[in-house]
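Here's the letter readout for the chains.
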Amino acid sequence: MKIKDDFTIKILLVLFLAFVVRIAYVDTLPAALFGDIIEHLRMAKSASIVRWGGDGALFPLLTSITTRIGGLSFLTLKVTSVIISLFGVLATILYAKALTKNRTVAVFAGLFMAIGYWDINMSHSGKPYALVPLFAALIPYLLLQKQYIRAGVALGLSLYSQAAAWGLFALSLVNPITFISALITGSVFFKEMILTPDNFFS
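Anyway, here's the lowdown on the structure attached to this text. Values in this document were obtained by computation on a predicted structure and should not be read as measured data.

What counts, and where the lines are drawn
- Residues numbered from 1 in each chain as written.
- Predicted model: local features only at pLDDT ≥ 70, side-chain atom pairs only at ≥ 80, totals over all residues.
- Heavy atoms only, no water.
- Helix = DSSP H or I, 4+ residues; strand = E, 2+ residues; numbered from the N terminus.
- Buried < 20%, exposed > 50% of the residue type's maximum accessible area, 1.4 Å probe, protein only.
- Areas by Shrake-Rupley, 256 points an atom, 1.4 Å probe, with all protein chains shown as cover.
- Phe/Tyr/Trp six-rings, centres within 6.5 Å; stacked < 30°, edge-to-face > 60°.
- Axes fitted to C-alpha atoms, helices over the stretch in contact; angles between N-to-C directions.
- Left-handed = near helix turned anticlockwise from the far one by under 90°.
- Contact = heavy atoms within 4.5 Å.
- Nonpolar A, V, L, I, M, F, W, Y, C, P; charged D, E, K, R; others polar.
- Core = buried A, V, L, I, M, F, W, Y, C linked by side-chain atoms within 4.5 Å.
- Salt bridge = Lys/Arg side-chain N within 4 Å of Asp/Glu carboxyl O.

## Some remarks on the overall build of the chain
Per the secondary structure count, the chain includes eleven helices and zero strands. The linear arrangement of helices and strands in the chain, starting from the amino end, is α-α-α-α-α-α-α-α-α-α-α. Burial status across the chain gives 46% buried among its 202 residues. When the accessible surface of the chain is split by element, carbon and sulfur atoms take 72% of a total near 10,600 Å².

## Details of the packing of aromatic side chains
Any aromatic ring pair is given by two values, namely how distant the centres are and how the planes are angled relative to each other. Going through the model one piece at a time under the given rule, you end up with six aromatic pairs. Centre to centre, the rings of Phe169 and Phe190 are 5.4 Å apart; their planes meet at 70°, and the pair counts as edge-to-face. Of this pair, Phe169 sits in the loop between helix 8 (148-158) and helix 9 (176-185) while Phe190 sits in helix 10 (residues 187-195), placing them 21 residues apart in sequence. Judged by relative accessible area, Phe190 falls into the partly exposed class, the value being 24%.

## Side note on the environment of Phe112
For Phe112, the position within the fold is in helix 5 (residues 103-115). Considering only alpha carbons, one finds Phe112 and Ala18, 94 residues apart in sequence, at a separation of 9.7 Å.

## Looking at the packing of helix 8 against helix 9
Contact geometry for helix 8 and helix 9: axes closest at 7 Å, N-to-C directions at 35°. Read as a crossing pair, helix 8 and helix 9 show a hand that is right-handed. Contact with helix 8, carried on its side by Tyr148, Ile149, Ala151, Gly152, Val153, Leu155, Gly156 and Leu157, involves Ile177, Thr178, Ser181, Ala182 and Thr185 of helix 9 and no other residues of that element. Taken together, the residues of the contact of helix 8 with helix 9 break down into eight nonpolar, five polar and no charged.

## Details of the nonpolar core
Within the largest apolar cluster, 29 residues are counted, with the highest numbers of intra-cluster contacts made by Ile84, Leu131, Phe135, Ile139, Leu168 and Phe189. At the level of elements, helix 3 (58-70), helix 4 (74-100), helix 7 (131-144) and helix 8 are the ones that each hand at least two residues to this core. When residues of this core are assigned to their parent elements, the largest contribution, nine residues, is made by helix 7. Sequence-distant contacts of Leu131, defined by excluding residues within four places in its chain, comprise Leu58, Phe59, Leu62, Ile84 and Ser161.

## Examining the pattern of salt bridges
Side chains that differ in sign of charge can pair as their charged atoms come close. This model, assessed by the stated rule, comprises one salt bridge. Among the salt bridges present, the one from Arg22 reaches Asp119, with a minimum N-O distance of 2.5 Å. Pair noted here: Arg22 is in helix 1 (residues 2-23) and Asp119 is in helix 6 (residues 117-123), with a separation of 97 residues, a long-range link. Comparing Arg22 with Asp119, the two get one shared label, buried.

Encoded structure:
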C-alpha cells in the first residue's frame, strides 16, 4: 500500500509541475490571436459542431463550456488546451505504467511530458491539436487494459479532434469490439467525410 501511495503522490507532483509550467505566462504567450484561432473562437461562441478543415467539433464543444464559465476570449481557449494537456500528461503516465509495468518509468514518462517544450507549446495554442497527445496515450492504455469498448469510444471521439489523430483509428483493428465501438462513435465523422469530402480534403 505504501508503494502505491508513493506512486500516487509522485503522479500528483508531476501533474502539479505540469500545471505550473503551463499556466505560467498563459495570458501573454502567445499574446495575440493568430491563424485560425479566430474561427475557433467563433465556433466556441456558438457551440458549433461543424469542422474547420482538419479540426473537428470536439474542441469547440469543450471550449463552449469554458467560455461560458470564464468568458469568451483567447485566454479561455488557451486555458481549455492547458486542461486538456494536463489530462494528456496523466494518460501518458498510465500508458507507460501499463506498457512497462514499471512505476519509475511511468513517472519519468509523465515528467518528460510535463516539461516537454512541444507539449507546453501546444497547451498554449488554444487549438484542437492539444487533444492529439491525450488520445495517443489514452487509447493504447485502454487497449492494454483490455477495455475494448472504452478504447473504441475513445478512438471514435479522436476522429472529432484533429486530423493528426485520424491515423490512430488503425488501432481499432486490434479487437473487433473496439472496431465496432469506434465505427459507432465515429459514425457522424464518416458520414460527413462521405457526404462532404471537401470539408476534409480541400
